[in-house]
Amino acid sequence: MKKIDLVTAKGKSEVFIGGKIEVVTSRFKKNKTVVLADENLLRFHSSKFTGFPVISIGSGEMAKSMDQAVKLYHQLLDMEVDRSWFLIGAGGGIATDLSGFVASTFLRGIPFGFVSTTLLGQVDAAIGGKNGVNLDGYKNMVGIIRQPEFIYCDIESLSTLPEKEFLCGFAEIIKYGAIRDRKFFNYLDNHLEEGLSKNTRVLETMIYESVKNKIEVVSVDENEQGERKFLNFGHTFAHAYEKLYKIPHGEAVAVGMVLAARLSINLGLLDASKESELENLIRRSGLPVQLEFDPELFAEVMRKDKKRSGEEISFVLLEDIGKALIKNILVDDLKSMLYDLR
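This write-up is about the structure you can find in this document. (Residues numbered from 1 in each chain as written. Predicted model: local features only at pLDDT ≥ 70, side-chain atom pairs only at ≥ 80, totals over all residues. Heavy atoms only, no water.)

On to the environment of Glu-216, then. Here Glu-216 shows up in helix α8 (residues 200–220). On a C-alpha basis, the gap between Glu-216 and Lys-198 in space is 26 Å, while along the polypeptide they are 18 residues apart. Within the local environment of Glu-216, its side chain forms a polar contact with the side chain of Arg-180, the two groups lying 2.9 Å apart. (Helix = DSSP H or I, 4+ residues; strand = E, 2+ residues; numbered from the N terminus. Polar contact = N/O pair within 3.5 Å; in protein donor to acceptor, adjacent residues only side chain to side chain.)

Counted under the stated rule, the structure contains 14 aromatic pairs. Geometrically, the ring pair formed by Phe-16 and Tyr-152 is stacked, given 4.4 Å between the ring centres and 15° between the ring planes. Of the two residues, Phe-16 is situated in strand β2 (residues 11–17) and Tyr-152 in strand β9 (residues 150–153); the sequence distance between them amounts to 136 residues. Like Phe-16, the residue Tyr-152 is buried in the burial classification. A network of ring pairs unites the aromatic residues Phe-16, Phe-28, Phe-86, Phe-150 and Tyr-152 as a single cluster. Just above the ring of Tyr-208 sits the side chain of Lys-2; from NZ or CZ to the centre is 4.9 Å. It is Lys-198 that lies over the ring of Phe-166; its NZ or CZ is 4.6 Å from the centre. (Phe/Tyr/Trp six-rings, centres within 6.5 Å; stacked < 30°, edge-to-face > 60°. Buried < 20%, exposed > 50% of the residue type's maximum accessible area, 1.4 Å probe, protein only. Lys NZ or Arg CZ within 6 Å of the ring centre and 35° of its normal.)

With that out of the way, let us pick up empty space enclosed by the protein. Taken as a whole and judged by the stated rule, the model has two cavities of 30 Å³ or more. Its volume calculated, the largest cavity comes out at about 110 Å³. Around the largest cavity sit 13 residues that line it, and Tyr-138, Lys-139, His-239, Val-301 and Asp-305 are the ones nearest its centre. With four residues, the single largest contributor to the lining of the largest cavity is helix α9 (residues 235–245). Looking at the lining of the largest cavity, its residues break down into five nonpolar, three polar and five charged. The computed volume of the second largest cavity comes to approximately 50 Å³. Asn-232, Phe-233, Gly-234, His-235, Thr-236, Phe-237, Ala-260, Lys-307, Ser-314, Phe-315 and Val-316 are the residues that line the second largest cavity. Those elements that provide at least two residues to the lining of the second largest cavity are α9 and β11 (312–320). Along the lines of polarity and charge, the residues of the lining of the second largest cavity split into five nonpolar, five polar and one charged. (1 Å grid on protein atoms, 1.4 Å probe; cavity = no way out; pocket = protein on both sides within 12 Å on 5 of 7 lines; lining within 4 Å. Points joined across faces, edges and corners; volume = space filled by probe spheres on them. Nonpolar A, V, L, I, M, F, W, Y, C, P; charged D, E, K, R; others polar.)

Okay, the side chain of Asn-213 next. Following the sequence through the fold, Asn-213 ends up in helix α8. Within the local environment of Asn-213, its side chain forms a polar contact with the backbone oxygen of Glu-209, the two atoms lying 2.9 Å apart.

On the surface, Met-66, Val-70, Leu-135 and Met-141 cluster together into a nonpolar patch covering about 290 Å² of accessible area. Positionally, Met-141 belongs in strand β8 (residues 138–145). (Patch = residues over 30% accessible without salt bridge, like charges linked within 9 Å, V, L, I, M, F, W, Y side chains within 5 Å. Areas by Shrake-Rupley, 256 points an atom, 1.4 Å probe, with all protein chains shown as cover. Salt bridge = Lys/Arg side-chain N within 4 Å of Asp/Glu carboxyl O.)

Geometric descriptors of this kind do not, in isolation, establish any biological role.
As structure tokens, this is what we get:
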């Protein structure tokens, strides 16, 4: 088991790569700890929480809503949970986002930690303290930044993860190489098949390097005023795909990164050969590199993206593999650019 500490001005998180659910539960009193877990995790691993009060939070993006948060508040009230209790959020990114938001807002904040059991959650969603819910289908529109006390990345739990969901995690892994770590990108290029086949040593390295990259960013820019914005590479396009076409997050990010790279070429920022490198790695990961979209609808959704400021939207683009930049694009110019990317 490897450990990395995330230290920010607001607090500290301990991230354990390879930690098991049983290790986490052994730390807590059963009468003072509540577990919020997604139903997919409970289907395979409910016995690992025996003796703890467990609340199922459902699954899918529909579960990550204000309505669901309010239901959880009422359940915690009925259980007479107070500030001396501890909340464990267990499952994928939706479970950790929602449980972190509930823990941060119930009674003005109770302590919490995560057990991350999906690849996408382990390399991205559970790390960094962003906790929130969707609003009317728009991603993460209501939320808070508050660090969990710990994140355990249970690699063994990936064995019960559906193959499609496992592959979705590779979109976020590739992202780190694309935006800030050429050496890691090359490692992925050379060891991708081993990671896809769940070689424990290689997969642990991929998770560790992804977590390390994210922690390096968050530790200096917790509130997303600078470098943390780079972590949104591909996500503006991805959120539009998710909103309009209900595409899984990892697949949407994969296509979103390709579109962002192509936009970088169109703006004269990136050589086409670099886009090909990125696209080929994504394709080899079993993820899509192209999906149909309606530019008119995309432009309308992007107008309501949380990265919009006035009449401009911030896009994360590439100058090279391992080197990202931010470019503001006028909303009025966006539609014609989207037509060029189809």
